[in-house]
Protein chains: 2
Amino acid sequence: MKTVGILSPGDMGHTVGERLKAHGLRVIAHLADRSARTRGLAEKAGIEEVDSYDSLVEMADVVLCILVPAEAGAAALTVAKALRRTGTDLLYADCNAVAPQTTIKIGRTITEAGGRFVDASIIGPPPRREGATRFYASGVHAGKLAKLEDYGLDVPVISDNIGDASAIKMCYAGMTKGLTALCTNLLVAAEALGIRDALFDEWGLSQEAMLKRVQGLPSMPPKSRRWVGEMEEIAATMAAVGMSPKFHEGAADIYRFVGASALADRTPEDPEEPSLEEMLKLLVGSLPTR
Amino acid sequence: MKTVGILSPGDMGHTVGERLKAHGLRVIAHLADRSARTRGLAEKAGIEEVDSYDSLVEMADVVLCILVPAEAGAAALTVAKALRRTGTDLLYADCNAVAPQTTIKIGRTITEAGGRFVDASIIGPPPRREGATRFYASGVHAGKLAKLEDYGLDVPVISDNIGDASAIKMCYAGMTKGLTALCTNLLVAAEALGIRDALFDEWGLSQEAMLKRVQGLPSMPPKSRRWVGEMEEIAATMAAVGMSPKFHEGAADIYRFVGASALADRTPEDPEEPSLEEMLKLLVGSLPTR
């Protein structure tokens, strides 16, 4: 394991690349069709640019696909074409927050083009510090991805089944981001109903952990737009096993609503964060009933 | 304040009656149309039976309506008829978990029949011990209901607006029971997907509070059937302010699903509680996809 391709070095991807580079690997990316912000992050992380997807799949020992869920399928198709053109048997890990049935489809795209596919999912923040982030992996080639443990990543292998690594991510994020959406929904309603102070007083008596948790809500809006697709993948995961998809369809609604506000125009690097009160007042002001 | 009518002395109502009686009030109920279990709970609590709704509204200084949400409207209509027949100006507190717009409608039913209406909502468990349960009250007559503070109840008055006490309950229960439903949804899915152990291992690393919280899930099924209507009232509350009702429609789905299982046949008095593992296996077995 010498060279890792990152597709693409956004918020999560460039931090992963930076970490692998710091542990001695060469990290490459093809950036022609990426945003100026992603190009800037890649440069900052010391990620080398290669001139085409063909070069990417020929030079890399493994490609990590780290994108928003809606882009995962198209990215795999692009790589599959490069695999056919070059005849390489690249190890390709889809690390995106997608439903197991979506991963299975993506896996088929890669393997039918001659690649070796690993289902992977990332739980935790961009891996700046030790022990906070895990790259769950499943599928018969998952052990090969786990070689990245020698280069600063934590890669627990769950099983031989494509879909299992995605499933754990769906259930995990369904809880954390589902709860964040639920909090947002209820607090905007409480503010609109004029009883938010009374609710916080009651939480102070009986739900102190919740009162503390919601203080973190103002960091969510810059991430809301990319969480819409993730919530839709979770809803699809629930529907596929026969459980209700409505929770996470509702969560997608909330993130769409927040994403349509000016609050979502901030980037995570922007130091100016609104207070919870400011955030709620702004969101109430943008309700269709006002 | 000498005599309190309880409509009806179920799980919550009989405990409220028992507490008021222990603090020196006379507590009455009309039980002709109630279940054998409710009649038994009333007797145990020392609640006196009166022969008709007319007697109830004539003898009581205040009637507390404590029912499942779906019965709240019909109960108010029954009381309104008794108010018209007897010409009394009863103080009537709707304590049910209903949407503000539902409370406003119920209040109209009572005031048009000559009664005085208080919007009330109960947050906390049946009030067996001091300080754990609050009866939030709003409306111009809320101060009169607060006289019950001399008899062992905690009755914070929020405002003069009918609907505010209901609103705080909707937002509070929307969180607590919404989160319980979300946990159930995701854990049944995790069990069905075969990754529940891996998810719990991950929670052990990064979501310890959640791991602890879900251990309490097996106490939920006996309450699931009556929570369906409450979730529907919360969904209606969200829709009325322009927020997404889908979360709580999903929560209603979950409680309907759990309520259809044998797990929901237990009563809260039954000491035999399944383990979380047993509960999840049974629920997965009843999925439509199995």
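Described in the following lines is the structure provided in the data block. Every value quoted in this text rests on a predicted model; they were computed, and no experiment measured them. As a convention, each chain's residues are numbered from 1 in the sequence order in which they are written. The naming scheme follows written order: chains are lettered A onward, ligands numbered 1 onward. Totals for whole chains, interfaces and linings use all residues, but because this is a predicted model, local features are given only for residues with pLDDT of at least 70 and pairs of side-chain atoms are given and counted only at 80 or more. No hydrogens and no water enter the side-chain calculation; it runs on all heavy atoms of the structure.

Our focus in this paragraph is the packing of aromatic side chains. Two aromatic rings are characterised by how far apart their centres lie and by the angle between their planes. Residues and elements named next belong to chain A. Any two of the Phe, Tyr and Trp rings considered here, Trp counted by its six-membered ring, make a pair once their centres fall within 6.5 Å; the pair's planes then place it as stacked at under 30 degrees, edge-to-face at over 60, or tilted in between. Evaluation of the coordinates by the stated rule reveals seven aromatic pairs over all chains. Considering the side-chain rings of Trp227 and Tyr255, the 5.3 Å spacing of their centres and the 80° angle between planes classify their relative orientation as edge-to-face. Within this pair, whereas Trp227 is found in helix H10 (residues 221-241), its partner Tyr255 is found in helix H11 (residues 246-259), the two being separated by 28 residues in sequence. Assessed through its relative accessible area of 11%, Trp227 is described here as buried. Helix numbers and strand numbers start at the N terminus; a helix is a DSSP run of H or I with at least 4 residues, a strand a run of E with at least 2. Using a 1.4 Å probe on the protein chains alone, a residue whose accessible area is under 20% of its type maximum counts as buried, one over 50% counts as exposed, and one in between counts as partly exposed.

Turning next to the relation of the copies chain A and chain B. The transformation that overlays chain A on chain B combines an axial shift of 0.0 Å with a rotation of 180°, and the residual RMSD is 0.0 Å. Read as a symmetry element, the transformation amounts to a two-fold axis. Taking the C-alpha atom as reference, chain A places Phe247 of chain A closest to the rotation axis, 2.1 Å from it. We call two residues in contact when some of their heavy atoms are within 4.5 Å. Both copies share a contact surface, since 100% of the interface residues of chain A are interface residues in chain B too. Least-squares superposition aligns the copies on the C-alpha atoms of those residues with pLDDT at or above 70 in both.

The next thing to look at is the interface of chain A and chain B. Where interface size is quoted, it is often the accessible area lost as the parts come together. Counting residues at the interface gives 54 residues for chain A and 54 residues for chain B. Accessible area, probed at 1.4 Å, shrinks when two parts are joined; the buried area is that loss added up over both. Note on chain A versus chain B: buried area summed over both sides is about 4700 Å², and carbon and sulfur give 75% of it. When the area that chain A buries against chain B is broken down by residue, the three leading residues are Met175, Met243 and Phe247 of chain A, summing to 17%. Put simply, a salt bridge is a Lys or Arg side-chain nitrogen that is within 4 Å of an Asp or Glu carboxyl oxygen. Across the chain A-chain B interface, the total number found is four salt bridges. For Arg134 of chain B, the salt bridge goes to Glu202 of chain A, with nearest N and O atoms at 2.5 Å. In the analysis that follows, any N or O atom pair within 3.5 Å is treated as a polar contact, provided that within protein one partner can donate a hydrogen and the other can accept it, and provided that, for residues neighboring in sequence, both atoms belong to side chains. Our count for the chain A to chain B interface comes out at 16 residue pairs in polar contact (both at pLDDT 80 or more). Those elements that provide at least two residues to the side of chain A that touches chain B are strand E7 (134-138), helix H7 (164-193), helix H8 (196-206), H10 and H11 of chain A. With 21 residues, the top contributor of residues to the side of chain A that touches chain B is H7 of chain A. Following the grouping adopted for this structure description, the nonpolar residues are Ala, Val, Leu, Ile, Met, Phe, Trp, Tyr, Cys and Pro, the charged ones are Asp, Glu, Lys and Arg, and the polar ones are all others, Gly among them. Classifying every residue of the side of chain A that touches chain B by side-chain character gives 36 nonpolar, twelve polar and six charged.

Looking along the chain, the bond that leaves Leu7 of chain A and enters Ser8 of chain A is cis, with omega of 10°. Turning to its location among the elements, Ser8 of chain A is positioned in the loop between strand E1 (3-7) and helix H1 (11-22).

Residue and element names in this part refer to chain A. Criterion used throughout: strands pair if DSSP finds at least two bridges between them. Pairing in this open sheet of eight strands is mixed, and the strands run E3-E2-E1-E4-E5-E6-E7-E8 from one edge to the other. Each edge of the open sheet carries a strand with a single partner, namely strand E3 (48-49) and strand E8 (157-159). Note: E1 against strand E2 (residues 26-29), three bridges, orientation parallel. Counterpart to Thr3 in the pairing with E2 is Arg26. Inter-axis angles, ranging from 0 to 180 degrees, are taken between N-to-C directions of lines fitted to C-alpha atoms, where helices are fitted over the stretch in contact. On top of the sheet, H1 reaches E1, E2, strand E4 (62-65), strand E6 (116-123) and E7; it is set at about 170° to E1, its chief contact. The strands that helix H4 (residues 69-86) touches are E1, E4 and strand E5 (91-94); relative to E5, the one it contacts most, it runs at about 170°.

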